[in-house]
Amino acid sequence: FFFKAHAMMDDSFKIPKKRSSKKRSIDDSASGEAGPASSASSGSAGTSSKPKKAKKTKKSKAATNKSYSASSAGPPSAADVSKLLHWLSRDRLENLITTSVTNRSALAESDLKNALPPDAKWRFSSASSPGIIKSKKASDDGPVKAGKERVNTGLFDGLDTVIMTSILQHLNVKERYLCCTAVAKSWRGFKTTIPGLFVDLSDESFQRKEVVIGYAGDYTKTENMTAAQVLALLEWVPDLSAVTALRISTRDSCNPNTCKAIIKKLLAAKKKAKKSMDLEKLVLQGPKIYASVLAEAVKGSIGPALTSLALLETKHTKQTKLAEGGVVDLLRTCRNLQELVMPQALVVEHSTIRAHLSALSEARSGATTLLRVLDMNHRGSSTWGADRLRFSEVADIGKFAPELEVLNLAMATGIPASSATESIPTPATFLSKPMTELPRLKEFGVEAIVKRHIWQAAPRYATTSTVNRFLSWLLAGMPQVESFNFGHGETNMSQKEQKVYKFPTLPGIGGGDDDMSLFWPSTLKKLSLDALLLEKDAFKSVHMPALETFLLKGCGPHMGDIVQGMTANHQNLQVGICRITGGTGQTEYHKRNKAIHGVCLTKMELPHLFDPSRRQMVYVALGDEAGDDSELKLEVQR
């Protein structure tokens, strides 16, 4: 701008040039005796030559930039590609290879970048150049550089974006939302300036929780977020197309069409950003999750990218129609599913566990599934007589899901659901074939093998030999199990029925009619038994080298003697006892015998170990159970 203005000036407004004495002498010698005219002409020539020289400099700079960009626009090296592959998971790589083979096209750098998880995309530039350019903040190994990246955020001004992101990532969605709306005006920009802050919207932080003190003891009452509130949250999220995990929660007052509107809004945002549906986790919660909502998810092609699917607090009714094929239809599209959480009632209502696992296998063209977690007893979901899963169906789980690591069942038995009044049959009738081995299974649990409720009939319990057959059959199929939870269960009767029928005796383990002994795996770290009548010497000669926690709940009057006897082989563990029970929180055995609720043998510091389902079931160190109740209640509240 200066040179252009200088050239357009009139001669009378020209600024005199300052020359060094050396340069002036050369000009004078060159001009000789030419006088002022020649010096003026030489001066005008000097002024007119500078703009030309400036234009030449600009062109040279542009040429230099072009040559630099051309030299840096080469194909990415193997080292650059390896940096990308380091951040890609197995399922994402499998999808890339499958797509490449199907489309008969080679993988490009853009494909690798698009497959990166949201928390890793910021490490690489989004430039259109083919080379992989690492961001200046991609490496967090070095110290924080001087200089502020934000203003008016208090002591956080001097923090690097990488560190600030790591701090906020430790918060749940509600806490992040409050940071961006209710802390300070300067913090409101975090939702757009910090990448990946609202990518995972699947936690339950927006639930309203309240501790209620009732006749059955203290319990936590939760109230779900409405579907309309979820829709409002999605409208507030800065980049809806980047969301990879979502929770759609409902109440009784919600409209199922709002749930479908949420799925449609997410799909529209992905299409507008020219992205495929990459939702990895979907949680559908509440009574208003209808089969039409699942059909909308199938229509929106949500299934292929899902790695986690959870159906919580859902029921099959005449309105929801969930068990009439809606769940199975969605599973037929989930070829990458690794976690499946759903009520057991949906599995056994109109179909079997084989049908659900076969649907997942069908999504992978008949290959075995990638399933690692199968939880059908999420937080002790209620089960009724018709919700019983046959052990014969459990035997085939390993054929469809050999990589299973977690398996939780609510109620399992050998009795068909149609024969509710029959007694438990002989194990030989339904355990004739061995359980398909699950070599990677680490956690297993079954809450009960008998019905909880019965009307106008006497309860029917299993025998000790039957329980032994159950346990031996299960343990043979899971050689590397680390956490094993088994409960026989108890049947509740009304006061009127208790006058007519009597409670049978609970079975035990070990001994029995055929004197069958149990072989507990050496890999066991946690063993929990519930509602059994154990003898004093049931675990007399048992040694589990990896044991960290041993729980007995409602297992007869010898529980204290059992855990104290086990301390001889497990001297590094501490004995705990629980006596605080009340109301309907007690089992029928405790009501009749007024016994302690449970005992434990654990590495954890007591009294921090307690049953999360009820706050009053706290385990304290043996010898302190007769202490001041006020101090114990204070510890529970903490």
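Residues numbered from 1 in each chain as written. Predicted model: local features only at pLDDT ≥ 70, side-chain atom pairs only at ≥ 80, totals over all residues. Heavy atoms only, no water.

Let's shift gears to the overall build of the protein. Of the regular secondary structure elements, the protein holds 23 helices and 17 strands. Taking all 638 residues of the protein together, the buried fraction comes to 42%. For the protein, restricting intrachain contacts to residue pairs at least 6 apart in sequence, the fraction spanning at least 24 positions comes to 73%. Carbon and sulfur atoms provide 53% of the accessible area of the protein, an area that totals close to 34600 Å². (Helix = DSSP H or I, 4+ residues; strand = E, 2+ residues; numbered from the N terminus. Buried < 20%, exposed > 50% of the residue type's maximum accessible area, 1.4 Å probe, protein only. Contact = heavy atoms within 4.5 Å. Areas by Shrake-Rupley, 256 points an atom, 1.4 Å probe, with all protein chains shown as cover.)

This brings us to the pairing of strand S12 (residues 483–487). Counted residue by residue, S12 has four buried out of five residues, so it is predominantly covered. As paired strands, strand S11 (residues 443–448) and S12 are joined by four bridges and run parallel to one another. Looking at the pairing, Phe444 lines up with Phe484 of S12. Chirality of the crossover, the property in question, places the unit of S11, helix H19 (residues 464–476) and S12 among those that are right-handed. Where S12 meets strand S13 (residues 526–530), five bridges bridge the pair, whose relative direction is parallel. By the bridge assignment for S13, Gly487 is matched with Asp530. (Pairing = 2+ DSSP bridges. Right-handed = clockwise from strand over helix to strand, strands pointing away.)

Another point: helix H13 (residues 291–299). Of the residues making up H13, those classed as buried are Ala291, Val293, Leu294, Glu296 and Ala297. Contacts from the buried residues of H13 go to helix H12 (256–272), strand S5 (281–285), strand S6 (308–312) and helix H14 (326–331).

Take the layout of surface pockets next. Approximately 1200 Å³ is the volume found for the second largest pocket. Every element with two or more residues in the lining of the second largest pocket is listed here: helix H5 (90–103), helix H6 (109–114), helix H7 (118–121), helix H10 (190–193) and H12. The element contributing the most residues to the lining of the second largest pocket is H5, with seven residues. When its residues are assigned to classes, the lining of the second largest pocket shows 19 nonpolar, 15 polar and 13 charged. (1 Å grid on protein atoms, 1.4 Å probe; cavity = no way out; pocket = protein on both sides within 12 Å on 5 of 7 lines; lining within 4 Å. Points joined across faces, edges and corners; volume = space filled by probe spheres on them. Nonpolar A, V, L, I, M, F, W, Y, C, P; charged D, E, K, R; others polar.)

Axis separation between H12 and H13 bottoms out at 9 Å; the angle between their running directions is 10 degrees. Classified by the angle their axes make, H12 and H13 are roughly parallel. Every residue of H13 that contacts H12 at Pro256, Cys259, Lys260, Ile263 and Lys264 is listed here: Ser292, Val293, Glu296 and Ala297. Across the contact of H12 with H13, the residue classes break down as five nonpolar, one polar and three charged. (Axes fitted to C-alpha atoms, helices over the stretch in contact; angles between N-to-C directions. Parallel < 35°, antiparallel > 145°, perpendicular 65-115°, else oblique.)

A word on H19. With 13 residues, H19 ought to run about 18 Å at 1.5 Å a step, and its terminal C-alpha atoms sit 18 Å apart, in line with that. Taken together, the buried positions of H19 are occupied by Ser465, Thr466, Val467, Asn468, Phe470, Leu471, Trp473, Leu474 and Leu475. Packing partners of the buried residues in H19 comprise helix H17 (391–394), S11 and S12. (Expected span 1.5 Å × (residues − 1).)

Moving on, we get to the pairing of S5. In terms of burial, S5 is a largely internal element, four of the five residues being buried. Pairing of strand S4 (residues 245–249) with S5, which is carried by five bridges, proceeds in the parallel orientation. Along S5, the bridge assignment pairs Arg247 with Val283. Read as a crossover between parallel neighbours, the route from S4 over H12 to S5 is right-handed. Sheet analysis places S5 next to S6, joined by five bridges and oriented parallel. Bridge pairing in S6 places Gln285 opposite Leu312. Between the parallel elements S5 and S6, the chain passes through H13 in a crossover that is right-handed.

What follows concerns empty space enclosed by the protein. Counted under the stated rule, the structure contains one cavity of 30 Å³ or more. For the largest cavity, the calculated volume is near 130 Å³. Lining the largest cavity are 14 residues, and of these Leu201, Asp203, Phe206, Met225 and Arg247 sit closest to its centre. Elements supplying a minimum of two residues to the lining of the largest cavity: helix H11 (227–236) and S4. Residue contributions to the lining of the largest cavity peak at three residues, all from S4. Its residues placed into classes, the lining of the largest cavity shows seven nonpolar, four polar and three charged.

Along the polypeptide, Asn152 turns up in the loop between H7 and helix H8 (161–169). Taking the C-alpha atoms as reference points, Asn152 and Trp187, separated by 35 residues in sequence, lie 8.4 Å from one another. Not counting residues within four places of it along the chain, the set of residues in contact with Asn152 comprises Asp157 and Ser186.

What follows concerns the nonpolar core. Ranked by internal contacts, the top residues of the largest apolar core, which has 114 residues, are Phe484, Trp520 and Phe539. Not counting chain neighbours up to four residues away, the residues in contact with Phe484 comprise Phe444, Leu471, Leu474, Leu475, Met478, Trp520, Leu524, Lys526, Leu527 and Ser528. Among the nonpolar cores identified, the runner-up in size contains six residues, and Leu84, Leu96, Leu112 and Ala115 belong to it. (Core = buried A, V, L, I, M, F, W, Y, C linked by side-chain atoms within 4.5 Å.)

What follows is about the side chain of Ser241. Among the secondary structure elements, Ser241 is positioned in the loop between H11 and S4. In terms of polar contacts, Ser241 uses its side chain to reach the side chain of Asp239, at 2.6 Å. If sequence neighbours within four positions are ignored, Ser241 has contacts with Ala269, Lys270, Ala273, Lys275 and Asp278. (Polar contact = N/O pair within 3.5 Å; in protein donor to acceptor, adjacent residues only side chain to side chain.)

Let us now look at the confidence of the model for the protein. Looking at the protein, the pLDDT average stands at 75 and 67% of residues meet or exceed 70. Here residues 126–147 is a poorly scored stretch, pLDDT under 50, and it has 33 contacts once near neighbours within four places are set aside; other chains count. This model gives residues 581–594 a pLDDT under 50, and the stretch forms 32 contacts once residues within four places in sequence are excluded. (pLDDT = per-residue confidence, 0-100.)

Right, let's talk about the pattern of salt bridges for a bit. For the structure on display, the rule yields twelve salt bridges. The shortest N-O distance in the salt bridge between Lys525 and Glu482 comes to 4.0 Å. Taken together, the positions of Lys525 in the loop between helix H20 (495–498) and S13 and Glu482 in the loop between H19 and S12 put the pair 43 residues apart, joining distant regions of the chain. Put simply, Arg208, Glu223 and Arg251 are held in one network by salt bridges that share partners. (Salt bridge = Lys/Arg side-chain N within 4 Å of Asp/Glu carboxyl O.)

In the Ramachandran plot, Lys274 falls in the positive-phi region, its phi being about 60 degrees despite a non-glycine side chain. Tracing the chain through its elements places Lys274 in the loop between H12 and S5. The backbone phi angle of Glu313 is positive, close to 60 degrees, even though this residue is not glycine. One can find Glu313 in the loop between S6 and H14.

Before going further, it helps to spend a moment on the packing of H11 against H12. The angle between the axes and the distance between the axes are what describe a pair of packed helices. Axis separation between H11 and H12 bottoms out at 9 Å; the angle between their running directions is 20 degrees. As summarised for this structure, H11 and H12 are arranged roughly parallel, according to the angle between their axes. Of the two possible hands of crossing, H11 and H12 adopt the one that is left-handed. Packed against H11, whose contacting residues are Ala227, Ala228, Val230, Leu231, Leu234 and Glu235, the element H12 presents Thr258, Cys259, Ala261, Ile262 and Lys265 at the interface. Here the contact of H11 with H12 is built from residues that sort into eight nonpolar, one polar and two charged. (Left-handed = near helix turned anticlockwise from the far one by under 90°.)

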